[in-house]
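# Understanding the architecture of this molecule
Take a look at the letters that make up each chain.
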Protein chains: 2
Amino acid sequence: MSKKHNFSAGPCILPQEVFQKSAEAILDFNGSGLSLLEISHRSKDFVAVMDEARAIVKRLMKLGDDYEVLYLGGGASLQFAMVPFNLMKTGNGKAAYTDTGTWAAGAIKEGKKLGTVDVVGSSKEDNYSFIPKKYTVGSDYDYFHCTSNNTIYGTQMREFPKVNTLLVCDMSSDIFSRVIDFSQFDLIYAGAQKNMGPAGATLVVVKKEILGKTGRDIPSMLDYSLHIAKESMYNTPPVFPVYASLLTLQHLDKNGGIAAAEVQNEAKAKLLYDEIDRNALFETFCNGEDRSLMNATFKLLDDTRKEEFDNAWKAAGISGLNGHRSVGGYRASMYNALPIESVQVLVDVMKNLN
Amino acid sequence: MSKKHNFSAGPCILPQEVFQKSAEAILDFNGSGLSLLEISHRSKDFVAVMDEARAIVKRLMKLGDDYEVLYLGGGASLQFAMVPFNLMKTGNGKAAYTDTGTWAAGAIKEGKKLGTVDVVGSSKEDNYSFIPKKYTVGSDYDYFHCTSNNTIYGTQMREFPKVNTLLVCDMSSDIFSRVIDFSQFDLIYAGAQKNMGPAGATLVVVKKEILGKTGRDIPSMLDYSLHIAKESMYNTPPVFPVYASLLTLQHLDKNGGIAAAEVQNEAKAKLLYDEIDRNALFETFCNGEDRSLMNATFKLLDDTRKEEFDNAWKAAGISGLNGHRSVGGYRASMYNALPIESVQVLVDVMKNLN
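Residues numbered from 1 in each chain as written. Chains lettered and ligands numbered in written order. Predicted model: local features only at pLDDT ≥ 70, side-chain atom pairs only at ≥ 80, totals over all residues. Heavy atoms only, no water.

As named in an unreviewed UniProt entry, chain A is Phosphoserine aminotransferase, taken from Kaistella antarctica. Quoted straight from UniProt, the Sequence similarities (unreviewed entry) entry for chain A says "Belongs to the class-V pyridoxal-phosphate-dependent aminotransferase family. SerC subfamily." In its Subunit (unreviewed entry) section, the UniProt record describing chain A reads: "Homodimer." (UniProt positions renumbered as here; feature names shortened; annotations may be inferred.)

Structure (structure tokens):
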């Protein structure tokens, strides 16, 4: 487990094994006498890394050959543009989005640059404190876009809607954290830097049959079809981030996969939310069924206790607990690699604040 | 020096100190008790890394505050699109390019998606074996784009043309290798993975005054102005690649800067080209003044000696010497971090092949 109790919202804690093995690979990769950082991305050893990194995603998600897996650079924010470039029809394109937080709003902004965007559900007026659910999406939309977990606000979609168009989801902050039927989605993307690696790589999982239907002349680097044709090697990929992502997913795979991670994540979240609900000094930002298992946002009811609490959790070796500037208070991010012992340390600090 | 003599074309050899220090940072960053891979990109320590990584580029290039430095994800190939998105006027935009190799052609392809592209100089018909020079570029062009070094073909621009429009240069494979008046350029970009770090980060150096003049609605992630406003932190940057790039540039800085690297690079290239010219068994792909100091492309005149030569250089601990598939033969990439001792080992192997 980590030397510190790292509740950072991302980049975030990864398995200690990933730190060890990736540091070793930088000094000597696969016993080659070369650093991972100095080998050609076309070398046999790195092509094997990329192939396995793509394959393990399909295995973990239980997806078939109708899906393709890509590792791209540029971050999930680049996907905000790539999704409409690849799926929004030219001329009279129209897409439906839910607005559930800062990143959802970022995706909406990019969609609007290429077509009509209808926001079919929004919690913006309530400072994004819940997940909107009462909406329908008809077949006149090119696609529907949602954000599965809202890192900043601490809300999470428990279920995904049945829509009569393509279902696209930004899973950046809760991918691989719970058992989901991934085959309900047509396109999933996620920045690696939460549950699947360090910053610098972005995962895209896409159903092949949905591509190539917009009539749009897409910039090459934004074209999923081209990246698929080149097996994620159209240009030099982010070698180190992809390798560290593979190590992270291998660690998940050999420790029981997504199902085992889900059990741990539910236990961690229950431990913390039970204490917040019990402790009269704290309250959560988001109540009820939409609370995120990944990011618990909460605050002190009495702000004069702030210095005391801050000193206490820092003294306990906790880091990364400050809330995002647009919400304030505290945020405990409990990604896959955070041990339940770290949550217990936080809960003990909260209990002792009386 | 490296455990192997690594002539890889990129990703490529970096200073051994970069491997050591970046591996250490993965285990414990700045004595924080946290890995570089698990810290927030908004943490004080990483903001300092990004600030210094941007500042050191300006110092090494001797550029003033009229330029901005960005580290972006996505690779130089994404710049092929970002350049026209930011500089090509909407409606009747027109740009001039030289076609000097695979990557130049890639840049041209993306330019054509947004406006008119005139190829004012090309060596395509001669398999890119020289640098075209006889052309003029008038003020009716939005910008002129060139590629300073052609990694695949082994040619390099010695001088840059005076043009009556913006001068844009892809310096991916020879940046920081030689003394240049960088202030003659309006925009410079380079994938990090040759002279300035591992794969996964891309450097952009841009004169601020040239931006915001196209009337184009640019996708946010492709908009230089937005990245500048957010100090290269619009979204989560590729943390590890940026840190390793900073280490690489700090190594360059404390070892005499670009001027000292140039002396070494000229000595290494002379050593190898002198042997190729002397040795009746070999000939270069490119002759005369356009030969690259970074990538020497050459071949055996008698292909029946191939197995003997290949066995000899492999036995000498040399790696990465095979030519690119579109040229064949051999390619010795002699980036900043390659010691002259490695070139001597190669030259000795060539001398002994008699």
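A few words now on the overall build of chain A. When helices and strands are counted, chain A shows nine helices and 14 strands. Its C-alpha atoms give chain A a radius of gyration of 21 Å, within 12% of the compact-globule value 20 Å for 354 residues. Taken over the C-alpha atoms alone, chain A extends approximately 60 × 55 × 30 Å along its principal axes. Counting only residues that meet the buried cut, chain A has 62% of its 354 residues in that class. Restricting to contacts in chain A with at least 6 residues of sequence separation, those with at least 24 account for 66%. About 12900 Å² of surface is accessible on chain A, with carbon and sulfur atoms providing 49% of the total. Side-chain charges of chain A comprise 38 positive and 42 negative groups, with the mean position of each set lying 2 Å from the other. (Helix = DSSP H or I, 4+ residues; strand = E, 2+ residues; numbered from the N terminus. Rg over C-alpha atoms; globule rule 2.2 N^0.38 Å. Buried < 20%, exposed > 50% of the residue type's maximum accessible area, 1.4 Å probe, protein only. Contact = heavy atoms within 4.5 Å. Areas by Shrake-Rupley, 256 points an atom, 1.4 Å probe, with all protein chains shown as cover. Lys, Arg positive; Asp, Glu negative; His and termini not counted. Charge placed at Lys NZ, Arg CZ, Asp CG, Glu CD.)

Turning our eyes to something else, we now look at helix H8 (residues 306–315) of chain B. Count 3.6 residues to each turn of an α-helix, and residues three or four apart come out pointing the same way. All names here are of chain B. Taken together, the buried positions of H8 are Phe309, Asp310 and Trp313. Summarising the axial view, the buried residues of H8 lie within an arc of 100 degrees, below the 170-degree limit, and thus occupy one face. Exposed and facing more than 90 degrees away from the buried side of H8 are Glu307 and Ala315. Those residues of H8 that are buried are in contact with strand E11 (282–284), strand E12 (295–300), strand E13 (318–319), strand E14 (330–333) and helix H9 (340–351). The first or second residue beyond H8 is glycine 317, which carries a positive phi of 85 degrees. (Arc of directions from axis to C-beta.)

A few words on the state of the cysteines. Residues and elements named next belong to chain B. Tallied over the entire structure, the rule returns zero disulfides over all chains. Looking at cysteine 12, it has no disulfide partner, and the nearest cysteine sulfur is the one in cysteine 169, 18 Å off. Under the relative-accessibility criterion, cysteine 12 is labelled buried at 1%. (Disulfide = S-S within 2.5 Å.)

Quick look at the sheet that holds strand E14 (residues 330–333) of chain A now. All names here are of chain A. Here three strands make up an open sheet; going across it, the order is E11-E12-E14 and the pairing antiparallel. In this open sheet, the two edge strands, each paired with only one partner strand, are strand E11 (282–284) and E14. Taken pair by pair, the neighbouring strands of this sheet meet at an average axis angle of 35 degrees, ignoring direction. As judged from the three bridges shared by E11 and strand E12 (residues 295–300), these two strands associate in the antiparallel manner. Each residue of the ladder has a partner; that of phenylalanine 282, found in E12, is leucine 300. (Pairing = 2+ DSSP bridges. Axes fitted to C-alpha atoms, helices over the stretch in contact; angles between N-to-C directions.)

Right, let's get into the UniProt feature "binding site: L-glutamate" (unreviewed entry) in chain A. UniProt tags Arg42(A) as "binding site: L-glutamate" (unreviewed entry). As for its placement among the helices and strands, Arg42(A) is situated in the loop between helix H1 (16–27) and helix H2 (44–61). With residues up to four places along the chain from it excluded, the contact list for Arg42(A) reads Val47(A), Met233(A), Tyr234(A) and Arg325(B).

Turning to the pattern of salt bridges, a few remarks are in order. Applying the stated criterion to the full structure yields 38 salt bridges over all chains. Across the pair Lys113(A) and Asp217(B) runs a salt bridge, and its minimum N-O distance is 3.2 Å. Taken together, the residues span two chains, with Lys113(A) in the loop between helix H4 (102–112) and strand E4 (116–122) and Asp217(B) in the loop between strand E10 (202–207) and helix H5 (224–229). Looking at Lys113(A), the relative accessible area reads 24%, which means it is partly exposed. Take Asp217(B): its relative accessible area is 53%, and that puts it in the exposed class. (Salt bridge = Lys/Arg side-chain N within 4 Å of Asp/Glu carboxyl O.)

By size, the foremost hydrophobic cluster in this structure holds 122 residues, and its most contacted members are Tyr71(A), Phe176(A), Tyr71(B) and Phe176(B). With sequence-adjacent residues up to four places away left out, Phe176(A) is seen in contact with Val57(A), Leu60(A), Met61(A), Met196(A), Leu203(A), Leu249(A), Leu252(A), Ile258(A), Ala261(A) and Asn336(A). Ranked by size, the runner-up nonpolar core spans 60 residues in total, among them Ile108(A), Val168(A), Leu78(B) and Tyr234(B). (Core = buried A, V, L, I, M, F, W, Y, C linked by side-chain atoms within 4.5 Å.)

In this section: the environment of Asp223(B). Residue and element names in this part refer to chain B. Summarising the element assignment, aspartate 223 is placed in the loop between E10 and H5. Considered as a pair, aspartate 223 and methionine 82 are 141 residues apart in the sequence and their alpha carbons are 7.2 Å apart. Not counting residues up to four positions away in its chain, the partners in contact with aspartate 223 are Met82, Asn86 and Ile218.

Residue and element names in this part refer to chain A. Annotation from UniProt places "binding site: pyridoxal 5'-phosphate" (unreviewed entry) at Ala76, Ser77, Trp103, Thr151, Asp170, Gln193, Asn235 and Thr236. A maximum C-alpha distance of 30.5 Å among these annotated residues, which run over 161 residues, shows that they spread across the structure rather than meeting at one spot. Residues from the annotated list that form part of the lining of the second largest pocket: Asn235 and Thr236. Counting through the fold element by element, tryptophan 103 comes out in helix H4. Among all residues touching tryptophan 103, those that are not within four sequence positions of it are Ser77, Phe80, Thr151 and Ile152. Looking at the element boundaries, threonine 151 is found in the loop between strand E6 (149–150) and strand E7 (155–156). Sequence-distant contacts of threonine 151, that is, excluding residues within four places in its chain, are made with Ala9, Trp103, Ser173, Lys194, Asn295, Arg331 and Tyr335. Separated by 3.0 Å, the side chains of threonine 151 and serine 173 make a polar contact. (1 Å grid on protein atoms, 1.4 Å probe; cavity = no way out; pocket = protein on both sides within 12 Å on 5 of 7 lines; lining within 4 Å. Polar contact = N/O pair within 3.5 Å; in protein donor to acceptor, adjacent residues only side chain to side chain.)

Residues and elements named next belong to chain A. Along its sequence, chain A is organised into domain 1 (16–254) and domain 2 (257–351). Put simply, the middle of domain 1 and the middle of domain 2, counted by C-alpha atoms, are 27 Å apart. If you look at the interface, domain 1 gives 26 residues, while domain 2 gives 23 residues. Interface of domain 1 and domain 2: buried area, both sides summed, is about 2100 Å²; carbon and sulfur atoms make up 52% of it. Contact with domain 2 buries area across many residues of domain 1, yet Ile152, Gly154 and Arg158 alone supply 22% of it, more than any other trio. (Domains from an automatic or database assignment. Buried area = accessible area lost by both parts, 1.4 Å probe.)

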